[in-house]
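Examining the three-dimensional arrangement
Now for the letters of each chain:
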Amino acid sequence: MRSYACRLLAGAAVLALWAPSANAQELTIFWAEWDPANYLQELVNEYEEETGVMVTVETTPWQDFQTKAFTEFNARGNAYDMIVGDSQWLGAASEGGHYVDLTEFFKEHDLGNVMAPATVKYYAEYPGNSGKFWAIPAEGDAVGWSYRKDWFEDPEEMKAFEAKYGYPLAAPQTWQQLIDIAEFFHRPDENRYGIAIYTDNSYDGLVMGVENALFSYGADLGDYETYEVEGILNSDQAVEALEAYRQLYQYTPPGWSKTFFVENNQAITEGLAAMSMNYFAFFPALVNPATNPNAENTGFFANPAGPDGDQFAALGGQGISIVSYSDNIDEAYKFLEWFIQDDVQKRWAELGGYTAHAKTLESDEFRNATPYNEAFYQTMFKVKDFWAVPEYAELLTAANQRLYPYVVGGEGSAKEVLDALAEDWKETFKKYGRTN
Amino acid sequence: MRERSRRLFHPESDIVTDVITRLKPDSRAASRGLSDLTIRNLFIIPTIAFLIIFNVFPLLYSLWTSFTDFRASTTAPANWIGLANYRELLNDPFIWRNFTITAKYVIISVTGQVVVGFGLAMLLNRAIPFKGLVTTLLLLPMMLSMAVVGLFWKLLYDPSFGIINYFLGLGKFEWLADPQVALWAVAIVDIWMWSPFVMLLSLAGLSAVPKHLYEAAEIDRAGPFYTFFRITLPLVAPILMIAIIFRTMEAFKTFDHAYILSSQPTTELIAIRLYKMAFLEWQTGLSSAFAYIVLIMVVAITNIYVKYLNRAKAR
Amino acid sequence: MAEVKTKSEVVMNRVAIVAVFVALIIMLTPIYWIASTAFKPRSLATTVPPTVMFEPTLTPFAKLFVRRSQMREPVEQEVYEAAPWWEKLIYDDGENVVRNRRSGDITPSGYADRYKNSLIISIISTFLAVSMGTLTAYGFSRFKVKGEQDWLFFILSTRMLPPVVVAIPMFLMYRTVGLHDTHLGLIILYTAFNLSFAVWIMKGFIDEIPKEYEEAALVDGYTRLQAFWKIVLPEALTGIAATAVFCFIIAWNEYAFALMMTNRNAQTAPPYIPSQVGSGLPDWSVIAAGAFLFLLPVAIFTFLLRNHLLRGMSFGAIRK
């Protein structure tokens, strides 16, 4: 009886050890549902050809991406081996133990220099300046601008503009020019409007939009190391920046009260606005004549500089991390080693992914590949991000509650709004013990 | 007092079952088949058990979490903080604003649904051509998924792309951008979508009112108002109340289409705030406390409604 | 007995017909808009001002079922020639199809699978909810139950919490029991939350059926079960039809739990249809096509039941 039981156990053990090897040949990457995910799937198909390991990119709509990801983490689920997570998740995911610590991997492959420095700082490192890394920058992204070249290059318009403002009409280099041009093209009777900006306050749309003004005017959201916000968030430059953003809102199409990437692209395709802000990730749709009837006439420029010459843009983009509950961590490491190779990153850019790989970014080939790549290349070295602490969403909620009524409704003054927000944030940071 | 039915000895009854039923303490010897008690238990217990199993765990889990500082996004242990979450919420003016906004919304939306739905039912409760087809068509709004409704109504309301301003000649009227109008705009979508629900239930109730009552009233020369308030309404009231109870409960939970349509502070319903708290900020403990506060409110309100319902049934 | 229609009744009927017509227009215009958008080429879906007259096309439907990607170079001549008509529509509209690397077959979009899942899950859970609900409603209506009001309120209360709150514990529960991403998991879930609804509505209808009918039947020699089956159920058919329609609609369109509790295997269509939004430029006609097709089964189901929905309950002299 005993020997029989032993044999049974041995058989079971063999089966148990044997079975996982069947799974080890498959990896799942979780991302949001958008074109870059399709490009990634094409890229990883090449990995399968090389190694025989099948990689599936599983997706879910953007609005549900965070919910699904963190619910899975919380349940310590192994449904996903890797995840291309938002940069803001770094704090929550690393402190929560959901991401595998990739510091060693970073050092081994010198990723601090292989990838563009700004991307490493914001997509991978947490806490700030700590030297700990949790993700490989995969999809670089930032906010850029598209505009109607044909409207700008129309001789009549150019004459009228120069007459009124005293300088030639061209893609704006400073925020003041941006405001002037928006005012110039704002013609409600003709159903043409000056500008399209982010105003969606259900998550981070509005805040990202305001960041573009804030950073370029020389202000900041606070000190990322000491968590001080007083005097930084509500500095004079910040107030000026917020007022500028509010002014831009006056030149948006009617009903522009809950807008994000969808609406802002529609502003260009439907010929509503002269200029439109959006993440670079959404620009491919604008150069495709099938999706944008105005594709031929659409140009791009990087976020303009502020009055003091600072030029920054709000950061988007994601990095790819290994989920600590995955059953295939070793296999995932192998995949990442393949992913960071020079030629793979080049191929990633070719397919449409926004690589963060420094050499690829700097290459002429990349910069000339599409009308917006040059602007993208310039921007990626001048990006700043929102807070990446685990409680970032509470900070966002407070920001939305304070900024929205002012920007969209004109309630209160920029100074009052920023002062109130600074108070809110101070309280939140105190609640989580970041400050005393 | 259970009425016992008197049974006669049926010539085809099985002698064996007769003997068995005779031995059952609960049933009269004359009833065949399963006893009333067995049937009652068989019909009710599975449902109750099923619902208990399904709801007990989540309810208890949420209750426990509401007394902790648990955040579902981390693996940090949950610390017991007693009533701190509840205190934080009840002291937060933004939360109170959510409550008032939701209350206003529920009143507008449910009233609208009842007026439109019941009105439509009254219209349809006659001999009109193609009644079946018309009823099905009028039920269509209810059959769409909330997310789709939200997406398309957002487009419909848009001053540039949408047909509402276009067909009604409203030019650049801002439905969703205007903070005051936005809540009405969201409520209109709700009314549009759910009046068919009230309509269907009312129609079923109305078509069950016996015709002879109307005939008797006519003979008595009763006017339309009298007929409506003394005959129609009281007989439809039970079903109508059930419809109102469910729609009110659902109105408090409104999330899907409201979230997509508008993110104005003046349209932040409880469920939207709850979602942000639970899934964007991951303040799981706080959101559970919030949910329980809302639950208590809804229970209280529903209790009142159910009392009305019972009164309506007792006639 | 001939029904004599008074003049005022005829006039009222006419007024009612006009009113119904107006109501139809108001209620159905948004639906018409969605349906018509489903047949528009991509460029006409969101125009300023909106496009009312256009030439319909089936391109959105073709796109709906196929996984697509941006067209970076024009498609090769031979591939285009060899493609079936629906594939050509996609190329003509400026998008490329994604092919399976190994087999060369076109990759389906996942819509069809999810549609199928929706059908299975909704039909089964509706059947379960309506059956159990009717039985339970009968039990509460006809028999004395201790604490009846409390039990009924408990059943009602299962629908009071927003899904958001219940989502995390349910997710954990399902993961532990192994019901995550299974058809059975969603079926059980939908049955559970349609039950409260089914019980209350059916009780409302059954309460209206006079007990005298069954008493008479029992006197005549029927068993309780036979009386239920032969007398009560037919009378309650309107209620059952209405409940079935509602439960089906609720299960069919449920979004929150379908999103959380399922992944590749058992996910239903609702979380998928709006997902076309997010590539920077949503293809509204494809979303409309997806919504339109998804609307059809419910509409057909309701249409088939329309007579039962409208049938009143027949009462004889017994009505008090």
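Counting restarts for each chain, with residues numbered from 1 along the sequence as it is written. The lettering of chains begins at A and the numbering of ligands begins at 1, in the order of writing. Whole-chain, interface and lining totals are the exception, using all residues; otherwise, since this is a predicted model, local features are given only for residues with pLDDT of at least 70 and side-chain atom pairs are given and counted only at 80 or more.

**Regarding the overall build of chain A**
Counted only if it meets this: In this description a helix means any DSSP run of H or I spanning at least four residues, a strand means any run of E spanning at least two, and both kinds are numbered starting from the N terminus. The atom set for the radius of gyration is the C-alpha atoms, and the globule formula is 2.2 Å times the number of residues raised to the power 0.38. Counting other C-beta atoms within 10 Å of its own, a residue is labelled buried from 20 upward, exposed at 12 or fewer, and partly exposed in the gap between, with every C-beta atom placed from the backbone. Note on contacts: each residue gets a C-beta atom placed from the backbone, and two residues are in contact if those atoms are within 7 Å.
Across its full length, chain A holds 21 helices and 11 strands. Relative to the compact-globule value of 22 Å for 436 residues, chain A shows a C-alpha radius of gyration of 24 Å, a close match. Expressed along its principal axes, the backbone C-alpha trace of chain A runs to roughly 100 × 50 × 35 Å. In chain A, which comprises 436 residues, the share counted as buried stands at 56%. Looking at chain A alone, contacts between residues at least 24 apart form 74% of all its contacts between residues at least 6 apart.

**A word on the overall build of chain C**
A count of helices and strands for chain C gives 14 helices and 2 strands. The globule rule puts the C-alpha radius of gyration for 320 residues at 20 Å, and the 25 Å found for chain C is more than 25% above it. Taking the principal axes of its C-alpha atoms as reference, chain C extends roughly 80 × 65 × 35 Å.

**Here's the deal with the domain arrangement of chain C**
For clarity, the threshold we go by: The source of the domain bounds is an automatic or database domain assignment.
With domains assigned, chain C is organised as domain 1 (7-37), domain 2 (66-107) and domain 3 (111-310). Here the C-alpha centre of domain 2 of chain C lies 44 Å away from the C-alpha centre of domain 1 of chain C.

**Quick word on the interface of chain C and chain B**
By convention, interface size is frequently given as the accessible area that disappears when the constituent parts associate. Under the convention used in this document: In this classification, the charged set is Asp, Glu, Lys and Arg, the nonpolar set is Ala, Val, Leu, Ile, Met, Phe, Trp, Tyr, Cys and Pro, and all remaining amino acids, among them Gly, are polar.
At the junction of the two partners, chain C supplies 84 residues and chain B supplies 90 residues. With 13 residues, helix α1 (residues 7-37) of chain C is the single largest residue contributor to the side of chain C that touches chain B. Here the side of chain C that touches chain B is built from residues that sort into 61 nonpolar, 15 polar and 8 charged.

**Concerning the sheet that holds strand β10 (residues 318-322) of chain A**
Residue and element names in this part refer to chain A. Going by this rule: Strand pairing follows a simple DSSP-based rule, namely that at least 2 bridges must link the two strands. Here an angle of 0 to 180 degrees is reported between the N-to-C directions of two axes, which are lines fitted to C-alpha atoms, with helices fitted over the stretch in contact.
Spatially, 5 strands are ordered β2-β1-β3-β10-β4 in an open sheet, and the strand pairing comes out mixed. The open sheet is flanked by β2 (54-60) and β4 (136-139), the only strands paired with a single partner. Averaged over all pairs of adjacent strands, the angle between their axes in this sheet comes to 30°, without regard to strand direction. Note that strand β3 (residues 82-86) and β10 share 5 bridges and pair antiparallel. In the strand pairing of β10, Met82 is matched with Ile322. Here helix α7 (residues 117-124) sits on the sheet in contact with β4 and β10, set at roughly 105° to β4.

**Topic: the interface of chain B and chain A**
Taken together, the contact between chain B and chain A spans 23 residues of the former and 27 residues of the latter. Sort the elements by how many residues they give to the side of chain B that touches chain A and helix α12 (residues 270-280) of chain B lands first, with 3 residues. Classifying every residue of the side of chain B that touches chain A gives 11 nonpolar, 7 polar and 5 charged.

**Details of the domain arrangement of chain A**
All names here are of chain A. When cut into domains, chain A gives domain 1 (27-141 + 316-384) and domain 2 (143-314 + 391-431). In this assembly, 20 residues from domain 1 lie in contact with 20 residues from domain 2. Those elements that place two or more of their residues in the side of domain 1 that touches domain 2 are α2 (35-51), α19 (373-379) and β11 (383-384). In terms of residue class, the side of domain 1 that touches domain 2 is built from 7 nonpolar, 9 polar and 4 charged.

**Side note on the packing of α1 of chain C against helix α13 (residues 284-304) of chain C**
Residues and elements named next belong to chain C. What counts here: It is the rotation of the near helix from the far one that decides the hand of a crossing: anticlockwise by less than a right angle makes it left-handed, clockwise makes it right-handed.
Viewed as axis vectors pointing N to C, α1 and α13 meet at an angle of 115°, and their least axial separation amounts to 7 Å. The handedness of the crossing between α1 and α13 is left-handed. Counted together, Ile34, Ala35 and Thr37 of α1 and Trp284, Ser285, Ala288, Ala291 and Phe292 of α13 form the full contact between these two elements. Partitioning the contact of α1 with α13 into residue classes produces 6 nonpolar, 2 polar and no charged.

**Considerations on the packing of helix α5 (residues 111-142) of chain C against helix α11 (residues 237-253) of chain C**
Residue and element names in this part refer to chain C. Just so we agree on the cut-off: Throughout, the term roughly parallel applies to angles under 35 degrees, roughly antiparallel to angles over 145, roughly perpendicular to angles from 65 to 115, and oblique to all others.
For the pair α5 and α11, interaxial distance at closest approach is 9 Å and the crossing angle is 140°. Classified by the interaxial angle, the pair formed by α5 and α11 is oblique. Relative to α11, the crossing made by α5 is right-handed. Touching Ser118, Ile121, Ser122, Ser125, Thr126, Ala129, Val130, Gly133 and Thr134 of α5 are Ile240, Thr243, Ala244, Cys247, Phe248, Ala251 and Trp252, all from α11.

**Digging into unusual backbone geometry**
Residues and elements named next belong to chain A. In this chain, Tyr126 is followed by Pro127 through a cis amide linkage whose omega measures -5°. Note that Pro127 resides in the loop between α7 and β4. Positive phi outside glycine occurs at Tyr227, with the angle close to 65°. In this structure, Tyr227 sits in the loop between α11 (205-216) and α12 (236-249).

**Concerning the UniProt feature "transmembrane region" (unreviewed entry) in chain C**
All names here are of chain C. Our working rule: UniProt positions are given in the numbering used here, feature names are shortened, and annotations may be inferred rather than shown by experiment.
Per the UniProt record, the feature "transmembrane region" (unreviewed entry) sits at residues 15-35, 119-140, 152-172, 184-206, 227-252 and 284-305. Between the end C-alpha atoms of residues 15-35 there is a gap of 29 Å, over a span that is 100% helix and 0% strand. Annotated as residues 152-172, this span is 76% helix and 0% strand, and its ends, taken at the C-alpha atoms, are 28 Å apart.

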